[in-house]
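Per-entry structural report
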Amino acid sequence: LVHIIQKSYIFDMIKKYLLSFAIVLTFVVGKLNAQDVAVISITAPTSGCNLTSTENVVVRIFNYGPTDLSGVNIPVTYSVNGVAIPAETANFPSFLQNSTVTYTFTTQANLSAPASYTIDATTSLGGDINTTNDAFTGYVVTNTAPSVGGTVTGGTNVCVSGNSGNLTLAGHTGNVLNWEYST
């Protein structure tokens, strides 16, 4: 009976040892295959005057994981004011761990109307171990309408002895910075 108990005890110890080895091995192998990418910035478009309906959206993506992602398909998307474009697939010939790549979306943004636009961009790599860092949000681009001088009406007679009347400005875009006058 003692002999059977000792064999059972030894078998249990070996089983626990092998099981713990399998858990450690799974953990180590899992860490070696870990993937973690994130959009870290949006570099284009930039605010300006006369933005168009075909503005390139350019993002920088960082490989935080220990895995070489060269040649790996990475789903990426962006949205403008909450309206998402269809996901695209980014693939880089060289995307080593702890490195940054630049991706230009093939779907361009329509920023032609004068307004402020909020752009968010996200990666969606399967198996990403930290999805909390996948998105870059709140990038604001402002399309400022170009200044248009407009038309001034009224007070068309200019005399040496004096001027009178009101001038009216119509059809202008932008701010009046300074009015000139004469006496």
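A brief report on the enclosed structure follows.

Rules of the game
- Residues numbered from 1 in each chain as written.
- Predicted model: local features only at pLDDT ≥ 70, side-chain atom pairs only at ≥ 80, totals over all residues.
- Heavy atoms only, no water.
- Helix = DSSP H or I, 4+ residues; strand = E, 2+ residues; numbered from the N terminus.
- Buried < 20%, exposed > 50% of the residue type's maximum accessible area, 1.4 Å probe, protein only.
- Contact = heavy atoms within 4.5 Å.
- Areas by Shrake-Rupley, 256 points an atom, 1.4 Å probe, with all protein chains shown as cover.
- Core = buried A, V, L, I, M, F, W, Y, C linked by side-chain atoms within 4.5 Å.
- Phe/Tyr/Trp six-rings, centres within 6.5 Å; stacked < 30°, edge-to-face > 60°.
- Pairing = 2+ DSSP bridges.
- Axes fitted to C-alpha atoms, helices over the stretch in contact; angles between N-to-C directions.
- Polar contact = N/O pair within 3.5 Å; in protein donor to acceptor, adjacent residues only side chain to side chain.

A few words on the overall build of the chain. For the chain, the count of helices and strands is one helix and eleven strands. The buried share of the chain, taken over its 183 residues, is 27%. Partitioning the contacts of the chain with sequence separation of at least 6, the portion at a separation of at least 24 is 64%. Accessible surface, the chain: about 12000 Å² in total, of which carbon and sulfur atoms supply 59%.

Attention shifts here to the environment of leucine 51. Checked against the element boundaries, leucine 51 lands in the loop between strand E2 (48–49) and strand E3 (58–63). Looking at leucine 51, the relative accessible area reads 12%, which means it is buried. Residues leucine 51 and alanine 145, 94 residues apart in the sequence, show an inter-C-alpha distance of 8.8 Å. In this structure, leucine 51 is in contact with Thr46, Leu111, Ser112, Val141, Thr142 and Asn143, ignoring residues within four places of it in sequence.

Attention now goes to the nonpolar core. By size, the foremost hydrophobic cluster in this structure holds 27 residues, and its most contacted members are Ile61 and Tyr78. Secondary-structure elements contributing two or more residues to this core are strand E1 (37–44), E3, strand E4 (74–80), strand E7 (100–104), strand E8 (115–123) and strand E9 (135–144). Residues in contact with tyrosine 78, not counting those within four places in the same chain, are Val57, Val83, Ala84, Ile85, Phe105, Thr107, Gln108, Ala109, Ile119, Asp120 and Ala121.

What follows concerns the packing of aromatic side chains. Taken as a whole and judged by the stated rule, the model has five aromatic pairs. For the ring pair phenylalanine 92 and phenylalanine 95, a centre distance of 5.5 Å and an interplane angle of 75° mean the geometry is edge-to-face. On the basis of relative accessible area, phenylalanine 92 is assigned to the buried category, the value being 8%. Cluster of aromatic residues (ring-pair linked, three or more members): Tyr78, Phe92, Phe95, Tyr103 and Phe105.

Spatially, the three strands line up as an open sheet ordered E1-E3-E7, and their pairing is antiparallel. Each of the sheet's edge strands pairs with one partner strand only, and the pair in question is E1 and E7. Direction aside, neighbouring strands of the sheet carry axes that sit 30° apart on average. When E1 meets E3, the two strands line up antiparallel, connected through six bridges. Note on E3: the bridge partner recorded for valine 39 is isoleucine 61.

Checked against the element boundaries, asparagine 133 lands in the loop between E8 and E9. A relative accessible area of 18% places asparagine 133 in the buried class. At 3.3 Å, the side chain of asparagine 133 forms a polar contact with the side chain of aspartate 36. Sequence-distant contacts of asparagine 133, that is, excluding residues within four places in its chain, are made with Asp36, Val37, Ala38, Val39 and Tyr64.

This part covers unusual backbone geometry. Cis rather than trans, the peptide bond between alanine 44 and proline 45 has omega equal to 5°. One non-glycine residue with positive phi stands out, namely asparagine 81, at about 50°. Relative to the helices and strands, asparagine 81 is located in the loop between E4 and strand E5 (83–84). Look at asparagine 98: it is not a glycine, yet its phi comes out positive at around 60°.

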